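# Secondary and tertiary structure notes
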Amino acid sequence: MQTPKGRGSLSETVFAAMRSASPSWKQTLHTLADDDEDLQITLWALYELHYRGFDDVDEGLEWQPELIELRRSLEMSFEHTLRDRAPSVSPDGEFAETFFDFVAGHDGPSLAAHVHRTADREQVLELLRMRSIYHLKESDPTAWVVPRLATRTKAALMELQFDEYGCGDPNRLHSELFARGMDQCGLRPEYGAYIDDVPLEVLEENNAMSLFGLNRRLRGASLGHLAAFEVTSSIPSRRIAQGMTRLGLPEAMIDYYAEHVEADAVHEQLAVRTICGSLLDEEPNLRDDVFFGAFTCLDLEDRFAHRMLAEWAA
Amino acid sequence: MTDTGHPTVILCAGGPMLLRGDHVVEDADGELHRTTRPISAVCRCGKSGSQPWCDGTHKLIPAKNRP
């Protein structure tokens, strides 16, 4: 993957410096973001240095102090925004039941319902291009959390991640299943291929997962996000698979969503009960952060759904 | 050090039964289904469209009718 297109003064300056043989780091630290999109694409690229990187950027820049300083300042601003959006108190009560109720009580627009009944083929392909930014690195942001956990939670998270990563079989890795589906749909299956096409909301969704995964102090938010993601996956995945069948989309893509119906019916129980449950037994002070992560997952998906449904006038 | 416990079967309140490891489950019609993942969720509400496995449908039925 090459560095994305800049979307404003900050991203253009930073990406040029990242590609340069003799960069001026000072300038990257003294340029302000023009708007949220400029900030988010910059942050996305800075996070990407810790995942697979860019073909046109020296691997050694992963820990370049000025880029880390910039990342820290951008992610602090983003975290502040996310915390401002979230409710200030988390609900009381027995954790698992309260968490399932919290997610069920969150009312938002549903892209799955649109895909199920009314979307046309072009809209579904557009949705897949947007989703590809995450699904082609599915579960990777949560993998950062593993070494930061105590025994029970670490084992519980690995039990879920092992399934996400195909139980050791590269043909069953969820990101690989998605790549095959993309290919059969005539879309580009390469990691990050559509980054220049995605709107602010997709950048925020992806950056929130990296923010939570890469900061140990936010491990509660990361696992709360994971749990909310899993709890809202099974039934929507079935609706998407049915919508794709209605539209005659290729089998590999339908299989990806069909796989998530049963897989995530298991994962939601694990994420809430064995993963977040054991985390909170061990570190009850992280309860607010678990709910913060969960809210962020649901809220960012609402924002994305609102945008896409408005664009499609659905 | 205390054993932290790692049950083979977990009954989820209002939801499925989780099964760790390889098992063969006989459904209500006597048909056999082998588990295919490290942990499987067996439907307990009777409403799943993927019998005998859970597909999350229990969340759509009134709480008093859940297992």
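Within each chain, residue numbers correspond to sequence positions counted from 1 in written order. Written order determines the labels here, with chains lettered from A and ligands numbered from 1. The predicted origin of the model limits local features to residues at a pLDDT of at least 70 and limits the giving and counting of side-chain atom pairs to 80 or more, whereas totals for whole chains, interfaces and linings rest on all residues.

### A word on the overall build of chain A
Our working definition: The helix and strand labels rest on DSSP assignments: H or I over at least four residues marks a helix, E over at least two residues marks a strand, and numbering proceeds from the N terminus. A radius of gyration in this sense is built from C-alpha atoms; the matching globule rule multiplies 2.2 Å by the number of residues raised to 0.38. Partly exposed residues are those whose C-beta has more than 12 but fewer than 20 other C-beta atoms within 10 Å; 20 or more makes a residue buried and 12 or fewer makes it exposed, with C-beta atoms placed from the backbone. Residues are scored as being in contact if the C-beta atoms we place from backbone atoms lie within 7 Å.
The number of helices and strands found in chain A is 15 helices and 0 strands. In terms of overall size, chain A behaves like a compact globule, its C-alpha atoms giving a radius of gyration of 19 Å where 314 residues would be expected to give roughly 20 Å. Structurally, chain A occupies a C-alpha span of about 50 × 50 × 40 Å along its principal axes. By residue count, 47% of the 314 residues in chain A fall in the buried class. Once local pairs closer than 6 in sequence are excluded, the contacts in chain A between residues at least 24 apart make up 80%.

### Regarding the environment of Glu-31 of chain B
Residue and element names in this part refer to chain B. One can find Glu-31 in the loop between strand S3 (24–26) and strand S4 (32–34). With 10 C-beta atoms packed within 10 Å, Glu-31 lands in the exposed category. Separated by 12 residues in the primary sequence, Glu-31 and Leu-19 have C-alpha atoms spaced 18 Å apart.

### Let's talk about the sheet that holds strand S2 (residues 17–20) of chain B
We apply this condition: For two strands to be treated as a pair, DSSP must find no fewer than two bridges joining them. Here an angle of 0 to 180 degrees is reported between the N-to-C directions of two axes, which are lines fitted to C-alpha atoms, with helices fitted over the stretch in contact.
Overall, antiparallel pairing links the 3 strands, which are arranged S1-S2-S5 (chain B) in an open sheet. Edge positions in the open sheet fall to strand S1 (9–11) and strand S5 (39–42) of chain B, since each of these has one partner strand only. On average, adjacent strands in this sheet sit at an angle of 20° to one another, irrespective of strand direction. Contacts between helix H14 (residues 251–282) of chain A and the sheet are confined to S2 and S5 of chain B, with S5 of chain B contributing the most and set at about 100° to the helix.

### Focus: the interface of chain B and chain A
Put simply, the test is: Residues are sorted three ways: Asp, Glu, Lys and Arg are charged, Ala, Val, Leu, Ile, Met, Phe, Trp, Tyr, Cys and Pro are nonpolar, and all the rest, Gly among them, are polar.
Residue-level contacts link 17 residues of chain B with 20 residues of chain A. For the side of chain B that touches chain A, the element with the most residues is S5 of chain B, which contributes 3 residues. For the side of chain B that touches chain A, the residue count by class is 9 nonpolar, 5 polar and 3 charged.

### Quick look at the packing of helix H12 (residues 219–231) of chain A against H14 of chain A
Residues and elements named next belong to chain A. Definition in use: Here the angle decides the label: under 35 degrees means roughly parallel, over 145 means roughly antiparallel, 65 to 115 means roughly perpendicular, and every other value means oblique. In this scheme the crossing of two helices becomes right-handed for a clockwise turn of the near helix relative to the far one and left-handed for an anticlockwise turn of less than a right angle.
Where H12 meets H14, the axes come as close as 8 Å, and the angle between the chain directions of the two elements is 155°. By the angle class used here, H12 and H14 are roughly antiparallel. For the crossing formed where H12 meets H14, the hand is left-handed. Facing Gly-220, Leu-223, Gly-224, Leu-226, Ala-227, Glu-230 and Val-231 of H12, the residues of H14 in contact are Asp-264, His-267, Glu-268, Ala-271, Val-272, Ile-275, Cys-276 and Leu-279. Looking at the contact of H12 with H14 residue by residue, the class counts come to 9 nonpolar, 3 polar and 3 charged.

### With respect to the nonpolar core
Residue and element names in this part refer to chain A. Filter applied, for reference: Residues enter a nonpolar core if they are buried, belong to Ala, Val, Leu, Ile, Met, Phe, Trp, Tyr or Cys, and are joined to the set through C-beta atoms within 7 Å. Bear in mind that the domain bounds are from an automatic or database domain assignment.
Among the nonpolar cores identified, the biggest contains 97 residues, and Phe-99, Ala-227, Ile-275, Cys-276 and Ala-294 are the most heavily contacted of them. Counting residues per element, this core draws most heavily on H14, which supplies 15 residues. Two domains each provide a minimum of three residues to this core, namely domain 1 (9–84) and domain 2 (91–311). Once residues lying within four places of it in the same chain are set aside, the contact partners of Ala-294 are Phe-102, Val-103, Gly-224, His-225, Ala-227 and Ala-228.

### Section: the packing of helix H4 (residues 65–85) of chain A against helix H11 (residues 200–214) of chain A
Helices that pack against each other are described as a pair by the angle of their axes relative to one another and the distance between those axes. All names here are of chain A. Interhelical geometry of H4 versus H11 gives an angle of 105° and a closest axis separation of 11 Å. When the interaxial angle is binned, H4 and H11 end up roughly perpendicular. Where H4 approaches H11, its residues Glu-75, Phe-78, Glu-79 and Leu-82 are matched on the opposing element by Asn-207, Ala-208 and Leu-211. In terms of residue class, the contact of H4 with H11 is built from 4 nonpolar, 1 polar and 2 charged.

### Quick notes on the confidence of the model for chain B
Put simply, the rule reads: A residue's pLDDT is the confidence the predictor assigns to it, expressed on a 0 to 100 scale.
When the pLDDT values of chain B are averaged, the result is 91; 94% of them are 70 or greater. Predicted complex, confidence summary: ipTM 0.93, pTM 0.96.

### Observations regarding the pairing of S2 of chain B
The side chains of a regular strand alternate, residue by residue, between the two faces of the sheet. All names here are of chain B. Sheet topology note: the S1/S2 ladder contains 3 bridges and is antiparallel. Looking across to S2, one finds that Val-9 is bridged to Leu-19. What sits between the antiparallel neighbours S1 and S2 is a turn of 5 residues, in which Gly-14 has the positive phi angle 75°.

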